[in-house]
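Spelled out from the first residue to the last, the chains are:
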Amino acid sequence: MSVYFHLRAVPPSALRNSASWLRRLFDDDWDTVRDRIGRHREEVLDKGYLHHELLYAGVPPHRAQEGPCTQVVLGGRPIGHPDPSRPPFLLLTAAQAGRVAEYLEDTDFADLWERAREEVMRPYGMPELERDVRGAFAAAHRDLRAFYAQTAHYGDAVVKWLMGSDSRLTREEGTPVG
C-alpha cells in the first residue's frame, strides 16, 4: 500500500471538532487536490514523509526542541480517526502555522540538508544519487515554504493526515497521488 502525507489549509472558522468531518475533508478527487496544490492550499509528501521530518526536526538524540521546526511535517494536536486502526489527523492552529511559515522563510535549505544528509541518504545506499535526492528534497522544501506562507497569509490552520492507497483519491483515479 502506498501512503501519502497530506497537509491542507483550512480557515479556522470552517474547522469542526469532528473526526468524521476531518475525514471528509480529504475525500476530494485528484483534480481538486491538484488545483489546491497549485494554489498552495494543500501539499502532498510521498512515502518518504518521515525523511522530511528528519530534515526539519532531526533524529534522536539530536531531535530539535519543540517549536516551529518540529511542526513542519508531523507536528500538531492529534485528533483520532473514526477508525481507530487509521492514523490520527494532526491539527496546527493558525498561530502555529504562522510560526512554521516564519521558520521556513528564515531557514536555509543547505543547512538543513547538511545536518540530515547522512540519515536521509542512508536508505538510498548510493552516493551517486545524492544530487537527485537533494534536488527532490529542495523542491519539497520550496513547496512546503510556499504552502505555509500562503496559509499564514490567509490566517488559516493546517490539517494533516497520512492517506493510504485505499483512499478515494487512488481508488477513483486508479493511480496513486504524487
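Source: prediction; values computed, not measured. (Residues numbered from 1 in each chain as written. Predicted model: local features only at pLDDT ≥ 70, side-chain atom pairs only at ≥ 80, totals over all residues. Heavy atoms only, no water.)

Right, let's talk about the pattern of salt bridges for a bit. Two side chains carrying opposite charge are able to pair once their charged atoms lie near each other. This structure, assessed with the given rule, holds 11 salt bridges. Ionic pairing is found between Arg23 and Asp27, a salt bridge with its closest N-O pair at 3.2 Å. The class for Arg23 is buried, based on a relative accessible area of 17%. Owing to a relative accessible area of 25%, Asp27 belongs among the partly exposed residues under this scheme. (Salt bridge = Lys/Arg side-chain N within 4 Å of Asp/Glu carboxyl O. Buried < 20%, exposed > 50% of the residue type's maximum accessible area, 1.4 Å probe, protein only.)

A word on the confidence of the model for the protein. Overall, the prediction assigns the protein a mean pLDDT of 85, with 87% of residues at 70 or greater. Helix 8 (residues 168-173) is the least confidently modelled element of the protein, averaging 39 in pLDDT, while helix 5 (residues 94-106) averages 96, the highest of any element. When the criterion is pLDDT under 50, residues 165-178 qualifies, and its contacts beyond four places in sequence or with other chains add up to 31 contacts. (pLDDT = per-residue confidence, 0-100. Helix = DSSP H or I, 4+ residues; strand = E, 2+ residues; numbered from the N terminus. Contact = heavy atoms within 4.5 Å.)

What follows deals with the environment of Val10. Looking at the secondary structure, you find Val10 in strand 1 (residues 3-10). In this structure, the C-alpha to C-alpha distance between Val10 and Ala157, residues 147 residues apart in sequence, is 5.3 Å. If we skip the residues at most four places from it in the chain, Val10 touches Leu15, Trp21, Leu25, Asp156, Ala157 and Val159.

Turning our eyes to something else, we now look at the packing of helix 3 (residues 49-57) against helix 7 (residues 130-154). The packing of two helices is summarised by the inter-axis angle and the distance between the axes. Relative to each other, helix 3 and helix 7 sit at 75°, their axes nearing to 12 Å. Regarding the angle of helix 3 to helix 7, the classification is roughly perpendicular. Contact residues: His51, His52, Leu55 and Tyr56 in helix 3; Phe137, Ala140, His141 and Leu144 in helix 7. The residue inventory of the contact of helix 3 with helix 7, partitioned by class, reads five nonpolar, three polar and no charged. (Axes fitted to C-alpha atoms, helices over the stretch in contact; angles between N-to-C directions. Parallel < 35°, antiparallel > 145°, perpendicular 65-115°, else oblique. Nonpolar A, V, L, I, M, F, W, Y, C, P; charged D, E, K, R; others polar.)

Glancing now at unusual backbone geometry. With phi around 60°, His40 is a residue other than glycine that occupies positive phi space. Topologically, His40 is positioned in the loop between helix 2 (30-38) and strand 2 (42-45).

A few words on the side chain of Glu43. With respect to the helices, strands and loops of the structure, Glu43 is situated in strand 2. Among buried charged residues, Glu43 stands out as having no salt bridge; its nearest opposite-charge side chain is Arg36, 11 Å away. Excluding residues that lie within four positions of it along the chain, Glu43 makes contacts with Phe5, His6, Leu7, Ile37, Asp143, Leu144 and Phe147. (Lys, Arg positive; Asp, Glu negative; His and termini not counted.)

Another point: helix 2. If you check which residues of helix 2 are buried, you get Trp30, Val33 and Arg36. Looking down the long axis of helix 2, one finds its buried residues gathered within 125° of arc, a one-sided arrangement. Two or three places before Asp31, at the opening of helix 2, Asp29 has a side-chain oxygen 3.0 Å from that residue's backbone nitrogen. (Arc of directions from axis to C-beta. Polar contact = N/O pair within 3.5 Å; in protein donor to acceptor, adjacent residues only side chain to side chain.)

Attention now moves to the nonpolar core. Counting 34 residues, the largest nonpolar core has Tyr56, Val72 and Tyr148 as its most contacted members. Those elements giving two or more residues to this core turn out to be strand 1, helix 3, strand 4 (89-92), helix 5, helix 6 (109-121), helix 7 and strand 5 (157-164). A per-element tally of this core places helix 7 first, with seven residues. With residues near it in sequence (within four places) discarded, Tyr56 still touches Cys69, Val72, Val73, Tyr103, Leu104, Leu112, His141 and Leu144. (Core = buried A, V, L, I, M, F, W, Y, C linked by side-chain atoms within 4.5 Å.)

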